[in-house]
Amino acid sequence: MEQQVIISKDLRAEVSDAIARVQPDRLFVLTDVNTRDLCWPRLKAYLGDAAASLITIPATDEAKNLDSLTSVWTALGEGGATRHSMLINLGGGMITDLGGFAASTFKRGIAYINIPTTLLAMVDASVGGKTGINFRGLKNEIGVFNAAGTVILDTQFLHTLDAQNLRSGYAEMLKHALISDDAMLCRHLAFDIEHPDLAILQQMVGESVAVKERIVTEDPHEHGIRKALNLGHTAGHAFESLAMEEHRTVLHGYAVAWGLVCELYLSATRCGFPSTRLHQVAQFVKETYGQFTITCKQYDRLYELMTHDKKNTAGVINFTLLGGVGDILINQHASKDDIFEMLDYYRES
Ligand code: GLY
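S.K.: So what's going on with the pattern of salt bridges? Residues and values would help.
M.R.: Pairs can form between side chains of opposite charge whenever their charged atoms are close. Scanning the entire structure with this criterion turns up 16 salt bridges. When the shortest N-O distance is used, the salt bridge between Lys175 and Glu172 registers 2.8 Å. Separated by 3 residues within a single helix, Lys175 and Glu172 lie in helix H7 (residues 163-178), roughly one turn from each other. A relative accessible area of 1% means that Lys175 is categorised as buried. If you follow the salt bridges from partner to partner, you end up with Glu245, Arg301 and Glu304 in one network.

S.K.: Just give me the short version of the site of the ligand, but keep the residues and values in it.
M.R.: For the ligand, the full set of nearby residues is Asp124, Lys130, Lys212, Glu222, Arg226 and Leu229. Within the side chain of Asp124, one N or O atom sits 3.0 Å away from a nitrogen atom of the ligand. Take Lys130: an N or O atom from its side chain is 3.0 Å from an oxygen atom of the ligand. Coverage of the ligand by the protein chains reaches 87% of its 200 Å² of free accessible surface. Split by residue class, the shell around the ligand holds 1 nonpolar, no polar and 5 charged.

S.K.: Give a description of a nonpolar patch on the surface that names residues and reports values.
M.R.: Residues Leu66, Phe135 and Ile142 make up a contiguous nonpolar surface patch of roughly 220 Å² in combined accessible area. With respect to the element layout, Phe135 can be found in strand E6 (residues 133-135). Residue Phe135 is classed as partly exposed on the basis of its relative accessible area of 32%.

S.K.: Just give me the short version of the environment of Lys310, but keep the residues and values in it.
M.R.: Looking at the element boundaries, Lys310 is found in the loop between helix H13 (299-307) and strand E9 (319-324). C-alpha of Lys310 to C-alpha of Leu138: the two residues are 172 residues apart in sequence and 9.8 Å apart in space. Not counting the four nearest positions on each side in its chain, Lys310 is found in contact with Lys139 and Asn140.

S.K.: Could you give me a rundown of the packing of aromatic side chains, with the residues and numbers involved?
M.R.: Under the definition given, this model contains 10 aromatic pairs. Members of the aromatic cluster, each reached through a chain of ring pairs, are Phe239, Tyr254, Trp258, Tyr289, Phe292 and Tyr346. The ring of Phe292 is capped by Arg248, whose NZ or CZ atom sits 4.0 Å from the centre of that ring.

Here is what the cut-offs are and how they apply
- Residues numbered from 1 in each chain as written.
- Predicted model: local features only at pLDDT ≥ 70, side-chain atom pairs only at ≥ 80, totals over all residues.
- Heavy atoms only, no water.
- Salt bridge = Lys/Arg side-chain N within 4 Å of Asp/Glu carboxyl O.
- Helix = DSSP H or I, 4+ residues; strand = E, 2+ residues; numbered from the N terminus.
- Buried < 20%, exposed > 50% of the residue type's maximum accessible area, 1.4 Å probe, protein only.
- Near = heavy atom within 4 Å.
- Polar contact = N/O pair within 3.5 Å; in protein donor to acceptor, adjacent residues only side chain to side chain.
- Areas by Shrake-Rupley, 256 points an atom, 1.4 Å probe, with all protein chains shown as cover.
- Nonpolar A, V, L, I, M, F, W, Y, C, P; charged D, E, K, R; others polar.
- Patch = residues over 30% accessible without salt bridge, like charges linked within 9 Å, V, L, I, M, F, W, Y side chains within 5 Å.
- Contact = heavy atoms within 4.5 Å.
- Phe/Tyr/Trp six-rings, centres within 6.5 Å; stacked < 30°, edge-to-face > 60°.
- Lys NZ or Arg CZ within 6 Å of the ring centre and 35° of its normal.

Listed below in structure tokens is the structure:
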């Protein structure tokens, strides 16, 4: 079934339509402990007579594991779920990833819908069918591609989101603008994410998700052009892993924003990406996300982390770069010297 992405105007009607399309025999809602308190009361009021069983798991990425997955399968089983039941995932990317995987595997797959409640989940995790859990210390190690039947995007849920998580999601929106077009990029660089107008943000979320949908429709299983969505993530994941090793707290989107600056530098020096745009993005990232401080003593470790990225083939570091805004170049390689020079630029920018 093709994924339907709805930019919400009337959540009550949209949820009711999404359920009516499937006509499940039983309805389950998955939340984490935060969205149970902050978001579930609103959804519950909108479900009306439809009786739903609530399943709640812990909120952090550490809980995106086999134990939580087992508890969701168990709750579905004990709650009498059949192949004709439906799961609604109400939460951030952890909930949509884990809930999507639970639904995709329970009795070989039941219907599910995503109602993401963080900006990161709205513009990235909830759309495009990647589901899964972390396993043996590796992020998203186990999972399947299986898109939610319906995704409903409602920025009203962002009222409860803190500024850091808002910025984190915005980095993925910046990425979508970079792989799309110059006008979209300029709008994103000019938007005030520190004091966001949620009505305008809702429109921008719609535009952002449309970029992702276009790419995922062309290449759902990431054999080619879907790699465009990895822009900023090769360097970004290395920053994220280094931060974890050093017990520094870094949100995913912050690491992606820093990774974008690095990879746009490579794009400018190797592929002709305009240096004015590089400097504008670097300035925006510095003002919005600050800087992840590194010294040259950490370059070797960052390089090593990049060589372990699961997106690589045959141990060669695989970058997605840009020849210009919207001019996507996948499967690009860089030497160790290029990467060290990129890190020099990042430190000095
Ligand atoms: N988060 C990148 C993708 O969905 O492919």
